[in-house]
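Descriptive structure summary
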Amino acid sequence: MREPLRYLGVRGEPDPALLARLSAAADKLTRTVEPRWVWRAYPLIHGELPVLEGAGLTLPGALAARMLAECSHAVLLACTLGAGFEALLRAEQARGMDRAALLDACGSAWVEAGCDEVQAEISDRFPDLYLTDRFSPGYGDLPLSLQRDICGSLDAPRRLGVQVTDSLLLNPSKTVTAVIGLSDRPQPARIRGCGFCNLRETCQYRKGGKTCGA
């Protein structure tokens with residue numbers, strides 16, 4: 001429940017009635033919709049910018065270069081709640097926007113939980129390698145325009161039904177794309193904290209002198 005509460009902007013101890021409603025929304029979601037994903041590992045070519053060999057994909061910006069500096073491979077992944085979540089959300093919207101808001105927050109947490117499952121699967125597949133933090137287009141200086149390249153490399157439109165809109169958003173809405181580096185040595189967490197967050201200037205937690213804990 002901590003993650004949906006964070007997405008809802010709830011600080012401190014939640015109201016028991018809200019927590020009960022949120023728990024009911026989460027239960028309905030997890031009984032109805034399962035995260036689906038695809039991923040693929042590519043050898044890395046290190047030059048001025050890291051290049052994923054076989055994908056023909058260059059990762060621009062300082063964040064990717066720093067994250068992948070000690071990595072031999074990089075993984076592209078896409079994880080989605082699919083059209084099933086969209087249908088569930090529309091049904092909740094018809095019953096009340098407050099119900100839809102609770103479900104939407106649970107959906108954000110559920111797709112991130114799916115990404116955690118992907119990361120565990122990758123770790124099991126490469127037991128002798130160490131994973132970096134995952135990072136996504138739009139985070140730091142990694143451009144949103146990479147959404148199309150990542151989805152294309154993974155054949156996500158066909159395999160997951162994921163599309164990239166003209167404004168570079170992902171459809172279905174609860175979809176995440178990300179990059180994870182693979183290294184032969186342990187990788188420290190490099191992108192935790194407010195300094196790397198795109199919302200740091202408008203964050204309500206920071207205005208209140210707190211953090212979201214991410």
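So, here's what we can say about the structure. (Residues numbered from 1 in each chain as written. Predicted model: local features only at pLDDT ≥ 70, side-chain atom pairs only at ≥ 80, totals over all residues. Heavy atoms only, no water.)

**Notes on the pattern of salt bridges**
We count it as follows: One side-chain nitrogen of Lys or Arg within 4 Å of one carboxyl oxygen of Asp or Glu is enough to make a salt bridge. Put simply, DSSP marks the helices as runs of H or I at least four residues long and the strands as runs of E at least two long, and each gets a number from the N terminus on. Each residue is assigned to one of three classes by its accessible area relative to the maximum for its type, calculated with a 1.4 Å probe on protein chains only: buried under 20%, partly exposed between the two thresholds, exposed over 50%.
Overall, the coordinates contain twelve salt bridges when judged by the stated rule. With its nearest N and O atoms 3.3 Å apart, the salt bridge here joins Glu92 to Lys28. With Glu92 in helix H4 (residues 82-95) and Lys28 in helix H2 (residues 16-32), the pair connects residues that are 64 residues apart, well separated along the chain. Across the pair Glu92 and Arg99 runs a salt bridge, and its minimum N-O distance is 3.3 Å. We classify Arg99 as partly exposed; its relative accessible area is 27%.

**Considerations on the side chain of Ser108**
We apply this condition: Polar contact is the term for a pair of N or O atoms within 3.5 Å; when the atoms are in protein, one must be able to donate a hydrogen and the other to accept it, and sequence-neighboring residues count only if both atoms are side-chain atoms. In this description, contact between two residues means that some pair of their heavy atoms is separated by no more than 4.5 Å.
Topologically, Ser108 is positioned in helix H5 (residues 97-125). The class for Ser108 is buried, based on a relative accessible area of 15%. Polar side-chain contacts of Ser108 include one of 2.7 Å to the side chain of Lys174. Setting aside chain neighbours within four positions, we find Ser108 in contact with Tyr7 and Lys174.

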